[in-house]
Amino acid sequence: MKITLFIPCFVDMCYPRVGINMVEILERLGHSIEVPEELSCCGQPAFNSGYWEQARAVAEPVLKRLRSAEAVVIASGSCGAMLKVFYPELFANTPHEQAARELSTKCFEFSDFLVSKLGVTDLGARFPHKVTFHDGCHGLRELGKKKEPRELLAKVRDLELIEMGEAETCCGFGGTFAAKFPMISTAMGEVKCGSAMQTGADYIVSNDSSCLMHIQGLLDREGRRIRTIHIAEILNER
Amino acid sequence: MSAPSAQFKADAERLTHDLRHRGLIQTALKKYEVARDGKKANYQDWQSARQTAAEIKWDAINHLDKYLVQFATKLEARGTKVHWASTAEQAREIIVGIVRAKKAHSIIKSKAMTAEEIHLNDALEHAGFEVVESDLGEYIVQLRHEAPYHIVFPAMHLTRGEISDLFERELGSAATDSPEELTMIARRALRQKYITADVGITGCNFAIAETGMISITENEGNARLTAALPKTMITLLGIEKVLPRLDDLALFLPMLATAGAGQAITCYNSLYGGPRQPGESDGPEEFHVVLLDNKRTHLLADAEQRDALHCIRCGACLNVCPIYKNVGGHTYGTTYQGPIGSVITPHLRNLQTWKHLSMASSLCGACTETCPVKINLHHHLLQNRRNAVAQKPVWWEKIAFKGFVFLMNRPRLFELSKPLARLGQIFHPLIKGTALDPARAWTKTRDLPDVAPETFKEFWRNRK
Amino acid sequence: MSEREKILGSIREALAVNAPLPGAHDHHAPAVLRHRDDDVSQWLPAVGQTFEQRVERFHANALDLRADFHLLNTVQEMGAKLLEIRDGENWQKIGTHRGELTDAVSAELGLPTIRTDDGYDVRELESCDAGISECDALVAQTGSVVVSNRSAGGRALSVLPPHHVVLARREQLVRDLPAAFILLKHRYAPVFPSFFSFITGPSRTGDIERILVLGAHGPKKLTILCV
């Protein structure tokens with residue numbers, strides 16, 4: 001299969017290893033990857049802030065470029081939800097509505113793609129650590145995926161998954177929310193970090209790097225031992 | 001920034017730092033969660049129950065004129081006086097008018113968020129009437145001259161110690177740390193009020209069109225007493241409370257209790273179809289029902305968000321909201337708190353003044369997931385944001401997003417920003433967290449990630 | 001134009017535009033209202049088919065709710081049980097209403113009795129130690145007692161005195177809430193009593209630190225005697 005990888009801006013700039021690991025995993029499974037280099041952003045910041053006209057201005061080139069894609073895999077749950085769930089809403093009652101609906105059927109978040117589309121759960125990975133999983137809200141509620149990442153982690157050798165009490169509770173990132181209401185965002189992050197640390201895990205793993213960016217930012221500031229890691233990084237460990 | 005927006009931010013700042021307060025709400029809501037999950041699990045199919053409930057409410061709201069007419073007609077046929085109030089002011093006038101005409105000396109009231117909405121108690125007290133809240137939680141916040149903290153649990157933010165101090169001060173009772181004794185103190189104080197009240201005012205959970213009855217859900221029994229003893233009974237309800245059929249309650253009564261309080265069903269669910277009828281031995285001589293619009297028709301006209309009127313005021317969305325759990329109910333500064341409050345307040349009051357509540361959300365979707373009638377809550381928050389911008393964009397935000405579009409649609413320019421970011425990173429520690437730091441909103445409490453030595457796109461290009 | 005016409009006019013104008021169907025924001029939404037008329041018994045908690053299962057369920061619920069439930073064989077046993085309670089709680093005065101079961105047992109109690117049927121003094125009722133009433137139904141699914149002002153002596157008798165005692169017959173035990181509403185319609189339509197209540201346990205509150213306390217305003221004790 002030819003897989004089109006959509007790399008969101010912050011993954012590109014700050015967490016390239018997430019993308020690199022995805023490429024390696026998918027190539028090892030025998031697929032070819034294309035990365036549309038001219039696409040930088042899905043438009044979510046403008047969309048979430050209510051500036052839908054500006055969001056469309058950024059999203060239209062994305063729609064156009066991805067039209068011919070066979071399958072689009074997105075390196076983040078929140079951008080994945082933007083393409084799959086919110087583009088149809090953003091383009092409702094516009095000439096691009098149909099294109100948005102069609103794109104929606106071809107979009108997958110990474111762990112969902114492996115499990116549901118490729119039917120793969122065992123990647124031969126090994127990660128001898130205790131981890132706890134953070135369910136990013138977009139992946140969990142917009143895309144409806146909870147068991148897929150866990151099915152993948154279950155096949156990772158020597159990995160111990162300990163669920164945290166607040167696994168499904170929002171970490172507090174929420175995009176522009178983190179900057180507009182930093183005190184609430186931080187409080188929510190504290191609850192998440194506290195719950196994660198209670199498990200005694202060495203790593204917090206998620207399929208959404210934007211959440212992990214926020215959580216790691218808090219952990220670094222507080223000097224905590226526990227570290228964040230994206231699921232693609234674990235799945236590529238040997 | 002509107003005054004409510006400034007108040008929200010100030011209170012959020014203060015309360016998110018108040019670990020005692022955060023701990024209190026989160027402990028209380030954890031108990032609720034455990035109870036709720038237990039009761040939900042007993043259902044044969046909770047998700048199907050939600051769909052049926054959502055469809056019944058869709059039927060009710062999308063045929064609202066028909067059902068309201070049926071409701072009023074049935075009530076009037078048995079001697080109830082039905083009043084229609086377009087505005088809060090009219091509703092207050094109607095109720096004060098009834099109370100004056102009855103020359104009431106004392107009024108007993110059971111819990112009614114709609115009465116909070118129209119500031120009824122203030123109007124009655126201003127007109128010289130004593131109003132006593134009979135619901136324990138409402139009674140407590142009334143004594144403290146405070147608004148209810150939560151639409152279902154008005155005194156959730158208080159400890160038993162605070163309540164004991166309050167009763168000592170206001171009622172002259174002995175200090176105690178027993179919730180049972182505190183409840184008995186309130187019970188004794190209120191007993192006489194029930195018996196001597198001339199007028200009882202209630203709210204309403206559901207208005208049954210088919211049979212012309214109002215349905216009241218409670219645990220304490222104070223609403224039953226309010227509807228049994230005083231000579232005049234007045235019920236205030238929003239027009240959206242309608243349910244088409246009597247047996248729709250077979251679904252709504254348990255779902256309201258489970259979603260709202262983690263109970264299988266609340267202690268008392270009572271139906272009232274009129275004043276005392278011929279042959280009946282007690283009950284009010286006069287029964288008045290006041291139907292309130294107060295801009296509900298405004299929300300009705302927004303077809304995209306009309307389902308917000310399906311709300312049964314269970315409070316489940318408040319209970320799961322991570323924002324609510326960290327800032328508490330008073331921070332919202334308005335009658336309806338939490339996700340539903342954030343959705344409807346711009347419609348019931350004013351969009352520009354109250355849009356900040358729709359912004360103060362990470363859009364996690366827990367509210368939509370939990371709503372027993374499937375209101376699309378978090379998407380409505382997004383729609384409120386879009387509507388607020390369409391009506392009146394924030395000038396600097398508009399510029400910023402135009403810049404965002406400019407940058408994102410020019411990949412080569414965006415590539416240039418990366419070495420610039422790396423450069424900025426070197427100097428950033430000098431100003432990190434200070435007033436000069438443009439990223440201060442983030443860096444006050446969190447570290448920023450480093451720009452990678454080789455970005456993904458750079459890696460991809462080098463690979464080829 | 002009256003306010004009524006104004007409001008109804010606003011509603012009709014608003015409804016001229018269609019709203020999405022429920023669950024339409026789901027990707028898997030039905031195109032029509034498919035579940036509005038569903039029999040909700042299939043969604044609500046399941047209840048057994050036999051009387052034994054149902055009475056056991058009612059009993060279990062009552063225990064959970066801190067209500068006392070006694071299944072008895074005869075009206076005489078019912079009377080004896082009442083005497084037991086009278087002595088255990090030292091009743092001085094009771095309230096009740098005329099009815100087949102209430103008449104059969106209340107005279108035996110030999111106590112000053114307020115009968116609510118033809119009007120009563122509220123203060124007298126307030127000072128009763130117990131209110132003894134009949135009911136319309138018992139609901140196995142929830143442990144609820146269904147009363148109306150016709151079946152239970154008015155609106156206040158079953159809520160004002162601190163102990164509510166319900167006298168019921170086994171035939172009155174119904175399966176679930178939907179069945180209870182069917183029964184009420186069957187029994188009373190088209191001229192309903194002006195008051196009904198589904199009573200589920202003694203009065204309670206969780207308003208203080210979410211801790212359960214019984215007897216907030218309504219009765220602190222609920223006893224159901226079923227013959």
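Note: the structure precedes this text.
Residues numbered from 1 in each chain as written. Chains lettered and ligands numbered in written order. Predicted model: local features only at pLDDT ≥ 70, side-chain atom pairs only at ≥ 80, totals over all residues. Heavy atoms only, no water.

K.L.:
Hey, could you run me through the nonpolar core in this one?
P.N.:
Across soluble globular proteins, nonpolar side chains have a tendency to be buried as a group. One finds Leu-5, Leu-83, Tyr-87 and Ile-184 of chain A to be the most contacted residues of the largest nonpolar core, which totals 223 residues. Ranked by residues supplied to this core, first place goes to helix H12 (residues 249-261) of chain B with nine residues. Not counting residues up to four positions away in its chain, the partners in contact with Leu-83 of chain A are Phe-6, Cys-42, Leu-66, Val-72, Ile-74, Pro-88, Leu-103, Ser-104 and Cys-107 of chain A. (Core = buried A, V, L, I, M, F, W, Y, C linked by side-chain atoms within 4.5 Å. Buried < 20%, exposed > 50% of the residue type's maximum accessible area, 1.4 Å probe, protein only. Helix = DSSP H or I, 4+ residues; strand = E, 2+ residues; numbered from the N terminus. Contact = heavy atoms within 4.5 Å.)

K.L.:
What exactly am I supposed to notice about the pairing of strand E3 (residues 71-74) of chain A here?
P.N.:
For a regular strand, the rule is simple: side chains alternate between the two faces of the sheet. All names here are of chain A. Of the two faces of E3, the one holding Ala-71 and Val-73 and the one holding Val-72 and Ile-74 are both buried throughout. The pairing of strand E1 (residues 2-6) with E3 spans four bridges and is classified as parallel. When the bridges of E3 are listed, Leu-5 appears paired with Val-73. Alignment of E3 against strand E4 (residues 107-109), held across three bridges, turns out to be parallel. Residue pairing in the sheet places Ile-74 in a bridge with Glu-109 of E4. (Pairing = 2+ DSSP bridges.)

K.L.:
Whenever I open this one, the pattern of salt bridges confuses me. Can you help?
P.N.:
A side chain of one charge can pair with a side chain of the opposite charge when the charged atoms of the two come close. As enumerated under the stated definition, the model contains 59 salt bridges over all chains in all. Across the pair Arg-126 of chain A and Asp-158 of chain A runs a salt bridge, and its minimum N-O distance is 2.7 Å. Within this pair, whereas Arg-126 of chain A is found in the loop between helix H7 (110-117) and strand E5 (130-133), its partner Asp-158 of chain A is found in the loop between helix H9 (147-154) and strand E6 (160-161), the two being separated by 32 residues in sequence. Overall, Arg-126 of chain A belongs to the partly exposed group, its relative accessible area being 38%. A network of salt bridges, in which partner residues are shared, links Asp-12 and Glu-37 of chain A together with Glu-415, Lys-418 and Arg-461 of chain B. (Salt bridge = Lys/Arg side-chain N within 4 Å of Asp/Glu carboxyl O.)

K.L.:
Just checking my understanding: could you explain the sheet that holds strand E7 (residues 203-206) of chain A for this structure?
P.N.:
Pairing between sheet strands relies on hydrogen bonds along the backbone, with the strands arranged either parallel or antiparallel. Residues and elements named next belong to chain A. Spatial strand order, E6-E5-E7-E8: four strands in an open sheet with parallel pairing. Every interior strand has two partners, whereas the edge strands, E6 and strand E8 (227-230), have only one. The pairing of E7 with E8 spans four bridges and is classified as parallel. Along E8, the bridge assignment pairs Tyr-203 with Arg-227. On top of the sheet, helix H12 (residues 209-222) reaches E7 and E8; it is set at about 165° to E8, its chief contact. (Axes fitted to C-alpha atoms, helices over the stretch in contact; angles between N-to-C directions.)

K.L.:
Explain the interface of chain B and chain C here, please?
P.N.:
When the parts come together, some accessible area is lost, and that loss is often what is quoted as the size of the interface. Taken together, the 104 residues of chain B in the interface contact 86 residues of chain C. For the pair chain B and chain C, the summed buried area comes to about 8000 Å², and 59% of that belongs to carbon and sulfur atoms. Considering only the surface of chain B that becomes buried against chain C, Glu-55, Trp-84 and Arg-224 of chain B emerge as the three largest contributors, covering 9% of it. Between chain B and chain C we count eight salt bridges in total. In this structure, Glu-210 of chain B engages Lys-185 of chain C in a salt bridge whose closest nitrogen and oxygen atoms are separated by 2.8 Å. In this structure, the connection of chain B to chain C is made through 55 residue pairs in polar contact (both at pLDDT 80 or more). Tallying contributions element by element places helix H10 (residues 179-196) of chain B first for the side of chain B that touches chain C, with twelve residues. Split by residue class, the side of chain B that touches chain C holds 51 nonpolar, 30 polar and 23 charged. In this sheet, strand E9 (residues 195-199) of chain C lies alongside strand E9 (residues 268-272) of chain B in antiparallel orientation, the contact comprising five bridges. Along E9 of chain C, the bridge assignment pairs Leu-271 of chain B with Phe-196 of chain C. (Buried area = accessible area lost by both parts, 1.4 Å probe. Polar contact = N/O pair within 3.5 Å; in protein donor to acceptor, adjacent residues only side chain to side chain. Nonpolar A, V, L, I, M, F, W, Y, C, P; charged D, E, K, R; others polar.)

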